[in-house]
Amino acid sequence: MSLRFKNRIALFNTAAAAITTLLVFIVLYLVVYYSAYRHLDSDLRMEQEEVFAGIHWKGDSLILELLPERLEKEHSQAEVSPVFLQVVDSKGQLVFRSANLQDDHLLFADSLTSEIFINVDFAGNKIRQGQFPIINDTGKLLGHLVVGISREESVIILSNLLLTLCLAFPLMLLVFYLATSWAASHGIAPVHKLIDATGMISDNNISTRIPLPSRRDEIHQLATTINELLDRIEKSLTREKQITADISHELRTPITSIRGTLEVLIRKAREPKQYEEKIEHVIGEVDSMTTIIDQLLQLSRLDAGNLTMSKTDIKLKELLLIIKERWSLRLNEKNIVLQIDIPEGVTVHADHGFLLIILENLVSNAIKYSQPSQPIDCFWNAGESMFMIRDHGIGIPQDQIPYLFDRFYRTDSSRSSQVQGNGLGLAIAKNLAGLLQITIGVSSQTGTGTTFSLQFPS
Ligand code: ADP
């Protein structure tokens with residue numbers, strides 16, 4: 001059975017109230033019970049004192065002649081609340097009984113040497129009975145006095161109390177359940193509002209936000225958290241849309257170029273040299289599309305988190321020399337010297353393949369965005385375990401630095417320049433660096449140059 005939330009709250013509260021109330025009722029009943037019987041017991045003791053004043057002994061024999069006549073009289077009359085008296089000797093023989101006992105006698109235990117109080121039913125009466133040992137000066141047990149008084153009144157009070165408590169208990173729980181259920185439904189009304197407001201939000205109106213309640217309570221906190229979640233969803237949806245648009249744009253440009261080139265090519269017969277040139281151009285465009293697709297695949301693998309890495313100690317200078325060799329053609333074309341000012345012994349602990357991609361992106365960017373004939377410097381800051389690469393290129397405006405690592409982001413100047421690129425390299429580098437716990441930093445000045453840094457974990 002699935003209960004509604006407000007009913008569950010009401011049920012839990014009622015269960016807790018039931019346990020508490022039950023305990024209170026039990027304690028209440030016991031207090032009344034014991035005080036009623038303590039009261040009767042003190043009456044019995046008063047009777048005992050009065051009777052004991054009239055009991056004497058000679059040696060081991062009891063002398064009862066001195067029992068006050070008043071007592072005799074009192075106990076012989078039929079009373080509403082009679083007091084029954086009985087004296088037995090040490091052998092259990094009846095020595096005296098009040099006239100109201102007629103031929104009957106009260107129960108007694110002859111082996112007891114201390115007083116006891118018990119409840120008994122006697123001749124249709126509910127009585128409280130006390131048994132008191134009669135002991136002489138030498139400490140010898142001479143007999144017992146048994147006194148009985150009616151406990152009808154206490155029984156009636158106690159049974160009325162029990163009945164009242166038994167009736168009040170379920171009634172009270174019912175009222176409590178209804179009241180808590182009503183209070184709970186009022187209490188969770190803001191949650192229902194929240195559910196309704198959240199239910200209204202879809203992909204089409206994702207920019208809508210839940211109105212915040214005026215009171216700064218948990219509901220306010222929940223609404224704020226949902227709004228923050230919506231912010232993130234909206235951003236990620238916008239980013240997804242932007243990425244899709246960027247991908248189509250990035251792919252459409254080379255495709256349009258290929259189509260245009262091929263259309264021009266088939267319009268009329270051409271010289272073999274011209275065919276060669278155009279086909280080379282088409283191959284270049286296909287290469288650029290392949291690069292984009294490869295990089296997108298790399299990013300999606302990174303997003304899915306299913307890349308495995310194995311870290312080893314890598315000699316940084318050796319790795320940079322390999323990259324330098326790979327880019328030697330471009331370096332020569334632009335007449336750039338790549339200076340690697342890193343001591344031989346510098347090793348970093350990282351995945352070889354991942355680090356190669358990161359460094360290659362930084363080196364290729366430095367070459368792409370450098371002015372011709374300007375050197376590029378690679379150096380190592382041992383104190384901070386930091387690798388740095390500095391170029392003297394076009395630089396990056398300060399306000400655009402925060403977006404550099406976003407997918408497909410290119411600065412305005414690099415977009416307008418002839419430099420080929422798609423804005424994916426740094427996004428990949430940043431993701432891989434994150435996996436290797438490397439922090440990428442950048443500082444730049446437009447027209448002066450840019451320095452990228454990689455801080456390795458120590
Ligand atoms: P791209 O393929 O466009 O180079 P990246 O992700 O590698 O893509 O770089 C993103 C953008 O950051 C580049 O388009 C460029 O605007 C800027 N950028 C990166 N490196 C440099 C640099 N060394 N100098 C100037 N701008 C740079």
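Scroll up a little and you will see the structure.
Residues numbered from 1 in each chain as written. Predicted model: local features only at pLDDT ≥ 70, side-chain atom pairs only at ≥ 80, totals over all residues. Heavy atoms only, no water.

Chemist: Residue-level account of the sheet that holds strand 5 (residues 116-122), with values.
Modeler: Across the sheet, 5 strands lie side by side as 4-3-7-6-5; this open sheet has antiparallel pairing. If you trace the sheet from one side to the other, it starts and ends with strand 4 (94-97) and strand 5, each paired once. In this sheet, neighbouring strand axes are inclined to one another by 25° on average, regardless of whether the strands run parallel or antiparallel. Most of the contacts of helix 1 (residues 5-52) go to strand 6 (residues 125-135), to which it runs at about 45°, and overall it touches strand 3 (83-89), strand 5, strand 6 and strand 7 (141-150). (Pairing = 2+ DSSP bridges. Helix = DSSP H or I, 4+ residues; strand = E, 2+ residues; numbered from the N terminus. Axes fitted to C-alpha atoms, helices over the stretch in contact; angles between N-to-C directions. Contact = heavy atoms within 4.5 Å.)

Chemist: Any chance you could break down the side chain of Gln131 for me, citing the residues and the numbers?
Modeler: When you line up the elements, Gln131 lands in strand 6. Only 3.3 Å separates the side chain of Gln131 from the side chain of His144, close enough to count as a polar contact. Residues contacting Gln131, with those up to four places away along its chain left out, are Phe108, Ala109, Leu112, Ser114, Glu115, Ile116, His144, Leu145 and Val146. (Polar contact = N/O pair within 3.5 Å; in protein donor to acceptor, adjacent residues only side chain to side chain.)

Chemist: Pulling in residues and values, what's your account of the pairing of strand 3?
Modeler: Burial runs high along strand 3: 6 of the 7 residues are buried. As paired strands, strand 3 and strand 7 are joined by 7 bridges and run antiparallel to one another. Bridge pairing in strand 7 places Gln86 opposite Val146. The pairing of strand 3 with strand 4 spans 3 bridges and is antiparallel. Across the sheet, the residue bridging to Gln86 is Arg97, located in strand 4. (Buried < 20%, exposed > 50% of the residue type's maximum accessible area, 1.4 Å probe, protein only.)

Chemist: Which residues make up the environment of Leu173, and what values go with them?
Modeler: Tracing the backbone shows Leu173 in helix 3 (residues 152-187). In sequence terms Leu173 and Asp137 are 36 residues apart; their C-alpha atoms lie 61 Å from each other. Setting aside residues up to four positions removed in sequence, Leu173 forms contacts with Thr14, Ala17 and Ala18.

Chemist: Run through the site of the ligand, naming residues and quoting values.
Modeler: Near the ligand there are 19 residues, and of these Tyr369, Arg410, Thr411, Ser414 and Leu426 occur at the shortest range. Contacts to the ligand include Asn365, whose side-chain N or O atom sits 2.8 Å from an oxygen atom. Tyr369 places a side-chain nitrogen or oxygen 2.8 Å from an oxygen atom of the ligand. Coverage of the ligand by the protein chains reaches 98% of its 530 Å² of free accessible surface. Those elements giving two or more residues to the shell around the ligand turn out to be helix 9 (352-368), helix 11 (425-435) and strand 14 (449-455). Its residues assigned to classes, the shell around the ligand comprises 7 nonpolar, 9 polar and 3 charged. (Near = heavy atom within 4 Å. Areas by Shrake-Rupley, 256 points an atom, 1.4 Å probe, with all protein chains shown as cover. Nonpolar A, V, L, I, M, F, W, Y, C, P; charged D, E, K, R; others polar.)

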